Amino acid sequence: MSSEQNKDPINVVHLEGNSEKDPNNRIPAIGNQPLMSCKSKTNQKHKSESRSFWRAGDYAVGNTKSVTPQGQLEHARVHPKFLHSNATSHKWAFGAIAELLDNAVDEIRSGATYVKVDTLYNAKDESPALLFQDNGGGMDPDCMRQCMSLGYSSKMANTTIGQYGNGFKTSTMRLGADVIVFSRATRGSRVTQSIGLLSYTFLRKTGQDDVIVPMVDFEVTGRQTQPIICGSQADWSSNLKLILQWSPFASEEELMQQFDDIEAHGTKIIIYNLWLSDDGVLELDFNKDEEDICLKDEVVTGKGSRESHRLLESHISYQLRYSLRAYASILYLRKFTDFQIILRGKTVQQYIVAEDLKYSKVIIYKPKLGLASQEISVETTIGFVKEAPLLKVSGFNIYHKNRLIRPFWKAYHEGSSRGTGVVGVLEANFIEPAHDKQDFERSALYIRLETRIKQMIMEYWTGNCHKIGFQSRIPEIRCMQKELRVGEVSTGFKAGYQLPTEQPVVGLAANVPHGLAAGSSKEEESLDGLGSTTIEQICEENIQLFMKCKDHKEKENDLKNTVGKLEKQLQEAKRKCSQLASHIENRKKHLLAKQQEREKI
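First, a word on what this report is: a plain description of the structure on this page. (Residues numbered from 1 in each chain as written. Predicted model: local features only at pLDDT ≥ 70, side-chain atom pairs only at ≥ 80, totals over all residues. Heavy atoms only, no water.)

## Quick notes on the overall build of the protein
Tallying secondary structure elements over the protein gives 13 helices and 19 strands in all. Relative to its 601 residues, the protein shows a buried fraction of 47%. Sequence separation of 24 or more characterises 70% of the internal contacts of the protein that already satisfy a separation of 6 or more. If you sum the accessible surface of the protein, you get close to 30,500 Å²; carbon and sulfur atoms cover 51% of it. (Helix = DSSP H or I, 4+ residues; strand = E, 2+ residues; numbered from the N terminus. Buried < 20%, exposed > 50% of the residue type's maximum accessible area, 1.4 Å probe, protein only. Contact = heavy atoms within 4.5 Å. Areas by Shrake-Rupley, 256 points an atom, 1.4 Å probe, with all protein chains shown as cover.)

## Concerning the packing of aromatic side chains
A complete count under the given rule lists 18 aromatic pairs for this structure. Look at F94 and Y327: their rings are 6.1 Å apart centre to centre, the planes differ by 15°, and that puts the pair in the stacked class. Of this pair, F94 sits in helix α2 (residues 93-106) while Y327 sits in helix α10 (residues 324-330), and the two are 233 residues apart along the sequence. By relative accessible area, F94 is classed as buried at 0%. Plain terms: the ring middles of Y332 and F336 are 5.4 Å apart, the flat faces sit at 55° to each other, and that makes the pair tilted. Taken together, F384, Y460, W461 and F470 form an aromatic cluster joined through their ring pairs. Residue placement shows R174 over the ring face of F53; its charged tip is 4.5 Å from the ring centre. (Phe/Tyr/Trp six-rings, centres within 6.5 Å; stacked < 30°, edge-to-face > 60°. Lys NZ or Arg CZ within 6 Å of the ring centre and 35° of its normal.)

## So, helix α6 (residues 233-246)
Its 14 residues give α6 an end-to-end C-alpha distance of 20 Å, which sits within 8% of 20 Å, the value for a rise of 1.5 Å per residue. Turning to α6, its buried residues number three or more, namely W236, N239, L240, L242, I243, L244 and W246. (Expected span 1.5 Å × (residues − 1).)

## With respect to unusual backbone geometry
Of the consecutive residues A388 and P389, the connecting peptide bond is found in the cis state with omega at 0°. The backbone phi angle of E126 is positive, close to 60°, even though this residue is not glycine. The residue K437 is not glycine, and still its phi comes out positive at about 55°. Its place among the elements puts K437 in the loop between β19 (422-427) and α11 (444-464). On the basis of relative accessibility, which here comes to 4%, the residue K437 falls in the buried class.

## What about the sheet that holds strand β15 (residues 357-365)?
Spatially, the five strands line up as an open sheet ordered β15-β16-β19-β17-β18, and their pairing is mixed. The sheet is open, and its two edges are formed by β15 and β18 (403-409), each paired on a single side. For this sheet, the mean angle separating the axes of adjacent strands, direction not counted, is 15°. Pairing geometry for strand β17 (residues 395-400) and β18, over four bridges, is antiparallel. Paired with I398 across the strands is R406, a residue of β18. Across the sheet, α11 lies against β15, β16 (378-385), β17, β18 and β19, angled at about 135° from β15, the strand it touches most. (Pairing = 2+ DSSP bridges. Axes fitted to C-alpha atoms, helices over the stretch in contact; angles between N-to-C directions.)

## Topic: the side chain of E427
The residue E427 is located in strand β19 in this model. One polar contact links E427 to R334, side chain to side chain, over a distance of 2.9 Å. Apart from residues no more than four positions distant in its own chain, E427 is found in contact with L333, R334, V378, Y399, K401 and N402. (Polar contact = N/O pair within 3.5 Å; in protein donor to acceptor, adjacent residues only side chain to side chain.)

## Observations concerning the pattern of salt bridges
Applying the stated criterion across every chain, the model contains 15 salt bridges. With a closest N to O distance of 3.6 Å, D140 and R187 form a salt bridge. Of this pair, D140 sits in the loop between β7 (127-134) and α3 (141-147) while R187 sits in strand β8 (residues 176-187); the two residues are 47 residues apart in sequence, bridging distant segments of the chain. With a relative accessible area of 37%, R187 lands in the partly exposed category. Close ionic contact of R145 with D217 constitutes a salt bridge, the shortest N to O distance being 2.8 Å. Placement of R145 in helix α3 and of D217 in strand β10 (residues 215-221) is noted, with a sequence separation of 72 residues between them. You can call R145 partly exposed: its relative accessible area is 22%. (Salt bridge = Lys/Arg side-chain N within 4 Å of Asp/Glu carboxyl O.)

## Quick word on the pairing of strand β12 (residues 266-274)
Counting buried residues in β12 gives nine out of nine residues, a clear majority hidden from the surface. Looking at chain direction, β7 and β12 are connected through five bridges and run antiparallel. Considered in β12, the bridge of L131 is made with I270. Bridging between β8 and β12 involves eight bridges; their strand directions are antiparallel. Counted as the bridge partner of F182 is K268 from β12.

## Regarding the nonpolar core
Formed by 126 residues in total, the largest nonpolar core has its most connected members in L175 and I180. Counting only domains with at least three residues in this core, you end up with domain 1 (80-295) and domain 2 (352-477). L175 has contacts with A93, A96, I97, L100, L130, F132, I271, L274, W275 and L284, leaving out every residue within four places of it along the chain. (Core = buried A, V, L, I, M, F, W, Y, C linked by side-chain atoms within 4.5 Å. Domains from an automatic or database assignment.)

## A few points about the state of the cysteines
For the structure shown, the criterion picks out zero disulfides. Not part of a disulfide, C143 finds its nearest cysteine sulfur in C147, a span of 9.1 Å. (Disulfide = S-S within 2.5 Å.)

## What about the pairing of strand β9 (residues 190-199)?
The element β9 is largely enclosed, with a buried count of eight among its 10 residues. Relative to β9, β8 runs antiparallel, the two sharing 10 bridges. Each bridged residue has a counterpart across the sheet, and for V181 the counterpart in β9 is G196. Linkage of β8 to β9, two consecutive antiparallel strands, is achieved through a turn of two residues, within which G188 is found at a positive phi near 70°. Looking at chain direction, β9 and β10 are connected through six bridges and run antiparallel. Bridged to Q193 within β10 is F218.

Quick look at the structure:
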């Protein structure tokens, strides 16, 4: 990409856009207008030049008008359409957001302690914008130009998540048509502030045939800022003029105000003209939850009761598909010690899958990397989800360099119930992810990993399925289950009326939900002798009891928190009472002393 302004006159071409109601949410303004709530603008509309992302590349391309100056070598241009086609590598908006979170996480080595993700309000056209801000090392003028360039990356592949030098461009252009970046950096005793604008709207509407990125830089001395002139003053002024014309900011003063909340070093990214869905509404939903950013929720369909659907909807494997907070909570394998992801003002609590499994075990996997490669060992944690067998969730969570690539990957597909409830966690640094970091390149190593995961699932299921109520395929355990069943039937014991427990539930076929046992092979048939009570009825009762148990635990936690608060209040009241008693005692002594003095006189 080039940071130089095209010397030819800019002919603005009008592109017809969609209009959309302003989201009903609290979003602070960007620009010189005061903070305001979008709720007060429910009936107003803003005209967005952005269309649906998947149709944003459909516009006519004019003839190439630039000619290589005499004496210079020919070079391949990057047409603005490439920005859009390059961004289509992200099929999922959350995948694009994850790229920007990765960049902030990589800044931990430069001292970053947080990344903020929030919504802003564009005062120019009454549209929402998306904010990413960290307190990492920041970018000096050279780094800013590298960031805006395609394919350039100074990151070390062994120590960082990013490595291709393409994530910033693909992710920002996937979320919105335009992005403006503010960065402050300290290199030795030199402090710089840089501003860069990557605007697909500007490039389309002015008919550019090359990607032009206006950028301006400042040097900070004390409280004074001076422009850094790399070319001529006219070029610098032209870049500033373009930034003011095509960004949410109308003056240089407003631009400089954006550095006010950036610390000694850090970066702020504002993505605006956010893309619309095919229905003509914002792809990202800022209204559903004031502490979250959502995508359109998927409706739970299929067999099962309302309680079983409710159980599924409460699980992370379902929520991460539409909730950014849920997705961000599972995005990194290891817990941060001194770093926070702050989403719309509230810290994201990390969810570690391996810590939430029951009957878990660690399996060592040794991938074959090649004859000349050193042998490595990879720890794989596998177990049942704590709600098994009531919850039909299974799959492997595959990470790469601490970053989630494939969540709940169903490597094993079979019509029977085998593998139900089995979840695994593995960090596969030995295979390469795809450019969007939502899948892996289908290499020989990947295929061997897939085969091994299937084996792990079946080996674990065979040895442990009896613990959650399925009939074991191991003869010794199967025999014990039959003996236990006969004893239950002969004594008139009616199985199935117990809550899910961390203890093995051997031989109680009543704990197998309807639909699981029905799809099982002959070796996994439901046990007989349940009398008049059907498996489906027992399963429904088990689900209801489980949900009641869950509700009671939540109430118990609430009560504990309340008791803790009351105890603190009691201690505070006792402390104040003690202070008051001491004050009264001192006051009495003081008055007594005065009275004695008067009596002496």
